[in-house]
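Remarks on the overall topology
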Amino acid sequence: MVEVHDGPPMDGFSVPLRLHNLLLALAGRIDDSALTEARELIARAHIDEAVELTTGTLIAGRIPVSSAEQRELALVLEMSRSDATLANDLLVDEAEPVSTHRFTGENSPEFGIAEALDRTLQVLPDVRSVHAVWRNTPAGSVPGALPQRVVLVELGPEGNPPAVAFRVDTALRRAGIHSVVEVSGPGVAHSEYHQAASAAASPAWVTGSATSTTSSYRPEPVAKPAPAVSAESVAESGSSRHSMRSNAPMTTAPEPVAPVVPIVSPPPPPPAPEPPRKARSSERAETRAERTADLTPAEVAQLRQALAEDPEKGREIAAGKPSMHEVVELPALDLDDPSLSERDRALLRELHAELAERERAEAAKMRLNGASRSGGDQRGWTAP
């Protein structure tokens, strides 16, 4: 059983960074594809899957590891809530691994890398240098095609190695450059594999370089602030405060924006009051019933006196309901009665005139009805 609490050599590092540094030490011994996939899982925060993949690759390929590397794998397995007993199946060999890999910087291994990483390097923090080299020897139990391009990235203390490794590998793949990306930060000892690769690598991009023939990456120029004018120089120039204000660039204040006020149509004017009853009487003629209904007691007495000969007929005339086909005959009224006023006489005259008009209308209607009945009888008669 592996003891996981013996004080591993990478105390103070987070779990993702511990596993990333462990993969750096195993580079060249495990397959390039497994190495790249494990780093991608670390960048996606799948630490348990990444450490299980690494441990399984070492066990399946019977790849030897040191006892310190075995303890580190067991610790990461335990901290990622995986089965720490998987580390018991690792092949432990205390002999110092000898690097048998061959690297070369010929045939421009850095070609196209600076262009592919241009946008990525602008956003990644504290990237110090990028180098590239060809590896002519296989790695792991299932090696890939040769030669294999290896990209070495150096970071400062502000960089995040797992994230930078994933971002750089993704940018290179998008540009069609197949490679293995090795990102190392400060405080991590380089293995013989990385030392041999760095010795033969060609620079693709180096931070702080004024000119570079192998990279098109340029830091964005920073605008220099305008020099401040001291009080002594202003006093020596003898310019007044008003002249300084006139020479200074004038900034126009933004024009105030008028608030948007919704246009509300005024309410319709209230309807005009109805004209009084006397005004409406001038527009339309009053009916006989209205006139008789508005008679004063004196007018009613005068009407009764005029119709004293036939009381029943007088009531019908006063109510405005004479019998059908009946000719109303009014006796002559005594308009010279001193008890009548001028208004009473005028109303009586109008009443007589209207009754006379109605009498003529009834007579004409009777004649028309008689003519229509006689015509119908003639049309309905047929010769025997």
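Definitions and limits used
- Residues numbered from 1 in each chain as written.
- Predicted model: local features only at pLDDT ≥ 70, side-chain atom pairs only at ≥ 80, totals over all residues.
- Heavy atoms only, no water.
- Helix = DSSP H or I, 4+ residues; strand = E, 2+ residues; numbered from the N terminus.
- Contact = heavy atoms within 4.5 Å.
- Buried < 20%, exposed > 50% of the residue type's maximum accessible area, 1.4 Å probe, protein only.
- Core = buried A, V, L, I, M, F, W, Y, C linked by side-chain atoms within 4.5 Å.
- Phe/Tyr/Trp six-rings, centres within 6.5 Å; stacked < 30°, edge-to-face > 60°.
- Axes fitted to C-alpha atoms, helices over the stretch in contact; angles between N-to-C directions.
- Parallel < 35°, antiparallel > 145°, perpendicular 65-115°, else oblique.
- Left-handed = near helix turned anticlockwise from the far one by under 90°.
- Nonpolar A, V, L, I, M, F, W, Y, C, P; charged D, E, K, R; others polar.
- Arc of directions from axis to C-beta.
- Patch = residues over 30% accessible without salt bridge, like charges linked within 9 Å, V, L, I, M, F, W, Y side chains within 5 Å.
- Areas by Shrake-Rupley, 256 points an atom, 1.4 Å probe, with all protein chains shown as cover.
- Salt bridge = Lys/Arg side-chain N within 4 Å of Asp/Glu carboxyl O.
- Lys, Arg positive; Asp, Glu negative; His and termini not counted.
- Charge placed at Lys NZ, Arg CZ, Asp CG, Glu CD.
- Expected span 1.5 Å × (residues − 1).

Another point: the side chain of S202. Turning to its location among the elements, S202 is positioned in strand β5 (residues 202-206). What S202 contacts, discounting residues up to four positions off in sequence, is G105, P109, E110, V130, H131 and A132.

So, on to the environment of I63. Tracing the sequence through the fold places I63 in the loop between α3 (47-60) and α4 (67-79). The exposure class assigned to I63 is buried, which follows from its relative accessible area of 7%. Residues I63 and V92 lie 29 residues apart in sequence; the distance between their C-alpha atoms is 8.6 Å. Setting aside anything within four residues of it in sequence, one finds I63 in contact with R29, I30, T57, L58 and L91.

Before going further, it helps to spend a moment on the nonpolar core. The biggest cluster of nonpolar side chains holds 31 residues, and the ones touching the most others in it are L19, I30 and L58. For this core, the secondary-structure elements that each account for two or more residues are α1 (15-26), α2 (32-43), α3, α4, β3 (148-155) and α8 (192-200). In terms of residue count, α1 provides more of this core than any other element does, five residues in total. Filtering out sequence-adjacent residues up to four positions away, L19 remains in contact with I42, I47, A50, V51 and V76. L117, V127, V168 and L172 belong to the second largest nonpolar core, which has 21 residues in total.

A few words now on the packing of aromatic side chains. Taken as a whole and assessed by the stated rule, the structure comprises one aromatic pair. Aromatic pair F103 and Y193: ring centres 5.4 Å apart, planes at 75°, arrangement edge-to-face. A residue pair is termed long-range when its members are at least 10 positions apart, and F103 in strand β1 (residues 103-104) and Y193 in helix α8 qualify at 90 residues. Each member of the pair, F103 as well as Y193, is classed as buried.

This part is about the packing of α1 against α4. Between α1 and α4, whose axes approach to 10 Å, the crossing angle comes to 150°. On the basis of the axis angle, α1 is roughly antiparallel to α4. At the point where α1 passes α4, the crossing takes the left-handed sense. Residues V15, R18, L19, L22, A25 and L26 of α1 pack against E69, E72, L73, L75, V76 and M79 of α4. Looking at the contact of α1 with α4, its residues break down into nine nonpolar, no polar and three charged.

Right, let's talk about α8 for a bit. Here α8 has its buried residues at Y193, H194 and A197. Burial along α8 is one-sided: seen end-on, the buried residues are contained in an arc of 90°. Residues of α8 that are buried make contact with α1, β1, β2 (127-135), β3 and β4 (180-184).

There is a patch of like negative charges on the surface, built from D48, E49, E52 and D83. Residue position: D48 is located in helix α3.

Another aspect to go through is α3. Over its 14 residues, α3 runs 20 Å from end to end, which matches the ideal 20 Å to within 8%, given 1.5 Å per residue. Within the span of α3, buried status applies to I47, A50, V51, T54, T55, T57 and L58. The buried residues of α3 all sit within an arc of 160° when viewed along its axis, so they share a single face. Residues of α3 that are buried in the fold lie against α1, α2 and α4. Positive phi shows up at R62, right after α3, with a value of about 50°.

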